Amino acid sequence: MKLVDQVVQTFRVVKLFRDNTEKINNIDYSPSGDLLLTSSDDDQIVIYDCEKGTSKRTLNSKKYGVDLIHFTHGKNSAIYASTKIDDTIRYLSLHDNKFIRYFPGHTKRVGTLSMSPIDDSFISGSADKTLRLWDLRSPNCQGTMHAGGRPVAAFDPEGLIFAAGINSEHIKLYDLRSFFKGPFSTFELNQEKECDWTGLKFSPDGKSILVSTNGSVIRLVDAYTGTPLKTFAGHMNNKGIPLEASFSPDSQFVFSGSTDGHVHVWHAEKGYKVSTLNGDHTGPVQCIQFNPKYMMLASACSHMAFWLPALDHFQVWRLEVNQEQKVSFNHILQEHNLDVWGQGKDWIDVMVDPKLRHGVMSSLAAEAIHSTVMIDDVQTLIKRDLQSQANSSFAFDQYNKFEDIEAYLAGLAETDDRTSLRSLGKSVEGRDLWQLTISVGAGKEGIWLDCGIHAREWITQATCLWGINYLLNNYGSDETVTKLLDSYDLHILPVYNPDGYAYTAVNRMWRKNRQPSPVSLCVGVDLNRNFDDHFGEEGASNNPCVQVYAGPSAASELETQAVQAALKALLPKVLFSLHSYSQLWLYPFGYTSQLPPDADELHRVAGIGVRALEAVHGVQYSYGPVYSTIYPASGTTIDYSYALGVTYSYTLELRDTGEYGFLLPADQINPTAEETWTGLIAAILAIP
């Protein structure tokens, strides 16, 4: 999902925290975006988990007070200004709530604090009319600048220069390496007559500077020339308090709170008001920031609000698109920013913003493309899923949280000697790729099964977990299960994409991993386009902002590297990669219409599996090669494993065919898993 006007207008409060009794005076995200830190006038520091949407820990600073809190470069330490006893800046270990260092020097209250984005430097400014440069490693001030007025200051995104706003009139730019020589550039703006500057922020792209005030205006100036660019107004500030203004990560939008409890959003370049959002704040919204990594906004009065884009009245449409229409349809996709859910040979499912319906319908009509509504309100189904997951403990008929899955696997390996657990490697955010092996005797060939390479396909992770339980509970009593485990060891990777799956608790429709792009603000790589086999060919993209982005290079992702290494070491007899949705049993190739040498045998075994699957609940599957059965796709798991020599390499697209799509209700986990595992076992046992 791209951050455009229509998406901004859908933002809604999804979590409201009442941890504080006084106003929150500052908020700050960790560099990775997974944690949020707040300071408040009731002398509390609260740490929030942005992925889980929970309050993680509360620390007290009753003796010294706390203001202007900022993370350092890690998650475990912060700096903040004192509000009691003295004006010392304090460096705190969040892990054990102990001070690491003190930075004395200011003689009046600190009013601005900015941490360098690249090293241990930080700047402070005070009502004593000085700016001070510090290094976290030393309590001694590295340099003092006499501002001649109350200053505000901020580092640029590269950490090479900093800007100082003086007397609500001048912006001075300093080179950090030679700040003692004075500013290398000074911009003089018209002095504010009715308010004072209360903060500076560089845009994430470094091209502009945002000036916050304690009035009802916000200024935007060119960071290179000082030319005034825009004045944002229309928000209320009738109390003369400092209201934070901040940018979206792509520098496109400016956000500010107001004293009437609303959040206001403007387009940074064009200056128009995009939206006024109501978060039911009970007091002035003094703090507001957009998450640097996730599609999430946080705002605060005395309460903390987490905002996400709502998909209220978003619909999923099935479009009947033939081969001749697909070229023109790609232009429609780009023009209207449509999210593709699924596609087959002659149809494509897309999610449609209600504000764009008429435009999309006109574009489709011009190309004679017929549409049918498959899902009338996506948000209703998302709320059902997220509430169910948040409120339930681990169960095989529920969609489970990642940490609960981890705990289940670890406990199983400790208590059942038929199982062993190992990490294939780490994800980009440091989570383990846990693979569980089920073995009732040494020396057997291996079967590989992975689930959840695409995070939003929740039915796949659930089906893997259900299967583990089914095999262990039925060995020795069920003839086919016993024969399977007596013949093979099973190596099961239930959560292939752990970062993406964890993030679906915030953004249910997330598909890719969580790798930041070095060339774009868009996040994530499609791991099923990243394998080192025909990388970047048909069915993959080099655009980081699309769902099938293959990554910067073959096997660029940690998750892909871990799985490729494990496959090379194991060389399993059979590989299954579970996906959803469409009810398909697929085999190589995805990158070409040419059939593999073993196509007849692959087709025979797939047919046996499909017939066994269909016999359980009557659900109908199609089967065939990826390229012609669903769509072209290069750099995939099964093309890579087939090239390694794993002849029996299959992808299964599980339920359904579009009634719920990725949002399959939890009451379909059991029947889906029952039929899937019946088909898998039948196929495996049919292999000579």
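Computed from a predicted model, the values in this text were never measured in an experiment.

### A look at the overall build of the protein chain
Helix and strand content of the protein chain: 13 helices and 40 strands. By the compact-globule yardstick of 26 Å for 688 residues, the protein chain fits well, its C-alpha radius of gyration being 28 Å. Counting only C-alpha atoms and orienting by the principal axes, one finds that the protein chain spans roughly 85 × 60 × 45 Å. When the 688 residues of the protein chain are sorted by exposure, 59% land in the buried category. The contacts of the protein chain with a sequence gap of at least 6 include a subset with a gap of at least 24, amounting to 60%. Carbon and sulfur atoms provide 48% of the accessible area of the protein chain, an area that totals close to 26,400 Å². When the 58 positive and 80 negative side-chain charges of the protein chain are each reduced to one mean point, those points stand 7 Å apart.

### A short note on the sheet that holds strand β12 (residues 130–135)
Spatial strand order, β10-β11-β12-β13: four strands in an open sheet with antiparallel pairing. Looking along the sheet, the strands with just one partner apiece sit at the ends: β10 (110–115) and β13 (138–146). Averaged over all pairs of adjacent strands, the angle between strand axes in this sheet comes to 25°, irrespective of strand direction. Pairing between strand β11 (residues 121–126) and β12: five bridges, direction antiparallel. Of the residues in β12, the one forming a bridge with Ser124 is Arg132.

### Some details on the sheet that holds strand β2 (residues 24–29)
Sheet architecture is open: four strands sit in the order β2-β3-β4-β5, paired in antiparallel fashion. The outermost strands of the open sheet, each flanked by one partner alone, are β2 and β5 (54–60). This sheet shows a mean twist of 20° between the axes of neighbouring strands, independent of strand direction. As defined by bridge partners, strand β3 (residues 35–40) adjoins strand β4 (residues 44–49) across five bridges and the pair is classed as antiparallel. Bridging across to β4, Leu36 finds its partner in Tyr48.

### Points about helix α13 (residues 669–685)
In this model α13 runs 24 Å from its N-terminal to its C-terminal C-alpha over 17 residues, within 8% of the 24 Å that 1.5 Å per residue would give. In terms of burial, α13 is a largely internal element, 12 of the 17 residues being buried. Of the residues making up α13, those classed as buried are Ile669, Pro671, Thr672, Ala673, Glu675, Thr676, Trp677, Gly679, Leu680, Ile681, Ala683 and Ile684.

### Regarding the pattern of salt bridges
Taken as a whole, this structure holds 25 salt bridges when the rule is applied. Between Lys23 and Asp41 there is a salt bridge; the shortest N-O distance is 3.1 Å. Of this pair, Lys23 sits in the loop between β1 (11–17) and β2 while Asp41 sits in the loop between β3 and β4, placing them 18 residues apart in sequence. For Lys23, a relative accessible area of 35% puts it in the partly exposed group. A relative accessible area of 36% means that Asp41 is categorised as partly exposed. For Asp120, the salt bridge identified is with Arg137, shortest N-O distance 3.8 Å. Of this pair, Asp120 sits in the loop between β10 and β11 while Arg137 is found in the loop between β12 and β13, placing the two residues 17 residues apart along the sequence. Classification of Arg137 as exposed rests on a relative accessible area of 62%. Beyond isolated ion pairs, a larger network of salt bridges with shared partners links Glu51, Glu429, Arg431 and Asp499.

### Regarding the nonpolar core
In terms of nonpolar packing, the biggest core is built from 57 residues, with Leu490, Phe576, Trp585 and Tyr650 touching the most fellow members. Ranked by the residues each element gives to this core, the list is headed by helix α6 (residues 458–474), at nine residues. Residues Tyr48, Ile288, Met304 and Trp307 belong to the second largest nonpolar core, which totals 38 residues.

### Let's talk about helix α9 (residues 558–570)
Side chains of residues three or four places apart in an α-helix project in the same direction, reflecting 3.6 residues per turn. The terminal C-alpha atoms of α9 lie 18 Å apart, and with 13 residues this matches the ideal 18 Å at 1.5 Å per residue to within 8%. Within α9, the full set of buried residues consists of Glu559, Thr560, Ala562, Val563, Gln564, Ala566 and Leu567. Leu571 sits one or two residues past α9 and shows a positive phi near 45°.

### Let's talk about the packing of helix α7 (residues 479–487) against α13
As a packed pair, α7 and α13 sit with axes 10 Å apart at the nearest point and diverge in direction by 50°. Here α13 runs oblique to α7, going by the angle between their axes. In terms of crossing hand, the pair formed by α7 and α13 is left-handed. Residues Thr480, Val481, Lys483 and Leu484 of α7 form the contact with α13, whose own contacting residues are Ile681, Ile684 and Leu685. Looking at the contact of α7 with α13 residue by residue, the classes come out as five nonpolar, one polar and one charged.

### Some details on the side chain of Gln389
For Gln389, the location among the structural elements is in helix α4 (residues 378–391). Leave out the neighbours within four places in its chain, and Gln389 touches Tyr399, Asn400, Lys401, Trp458, Tyr501 and Ala505.

### What about unusual backbone geometry?
Of the consecutive residues Ser580 and Tyr581, the connecting peptide bond is found in the cis state with omega at 5°. The residue Tyr581 is located in the loop between β37 (574–580) and β38 (584–587) in this model. A cis amide bond links Pro588 with the next residue in sequence, Phe589, at an omega value of 10°. Summarising the element assignment, Phe589 is placed in the loop between β38 and α10 (599–617). If you check the backbone angles, Asn97 has positive phi at about 60° while not being a glycine. Among the secondary structure elements, Asn97 is positioned in the loop between β8 (89–93) and β9 (98–103). At Leu571, a position not held by glycine, the phi torsion is positive, near 45°. Structurally, Leu571 is set in the loop between α9 and β37. Residue classification places Leu571 among the partly exposed positions, given a relative accessible area of 48%.

### Quick look at the side chain of Gln461
Mapping Gln461 onto the fold places it in helix α6. Among the polar contacts made by the side chain of Gln461, one reaches the side chain of Thr460 at a distance of 3.2 Å. Those residues in contact with Gln461 that sit more than four places away from it in its chain are Cys451, Gly452, His454, Ala455, Pro494, Val495 and Tyr501.

What counts and how
Residues numbered from 1 in each chain as written. Predicted model: local features only at pLDDT ≥ 70, side-chain atom pairs only at ≥ 80, totals over all residues. Heavy atoms only, no water. Helix = DSSP H or I, 4+ residues; strand = E, 2+ residues; numbered from the N terminus. Rg over C-alpha atoms; globule rule 2.2 N^0.38 Å. Buried < 20%, exposed > 50% of the residue type's maximum accessible area, 1.4 Å probe, protein only. Contact = heavy atoms within 4.5 Å. Areas by Shrake-Rupley, 256 points an atom, 1.4 Å probe, with all protein chains shown as cover. Lys, Arg positive; Asp, Glu negative; His and termini not counted. Charge placed at Lys NZ, Arg CZ, Asp CG, Glu CD. Pairing = 2+ DSSP bridges. Axes fitted to C-alpha atoms, helices over the stretch in contact; angles between N-to-C directions. Expected span 1.5 Å × (residues − 1). Salt bridge = Lys/Arg side-chain N within 4 Å of Asp/Glu carboxyl O. Core = buried A, V, L, I, M, F, W, Y, C linked by side-chain atoms within 4.5 Å. Parallel < 35°, antiparallel > 145°, perpendicular 65-115°, else oblique. Left-handed = near helix turned anticlockwise from the far one by under 90°. Nonpolar A, V, L, I, M, F, W, Y, C, P; charged D, E, K, R; others polar. Polar contact = N/O pair within 3.5 Å; in protein donor to acceptor, adjacent residues only side chain to side chain.

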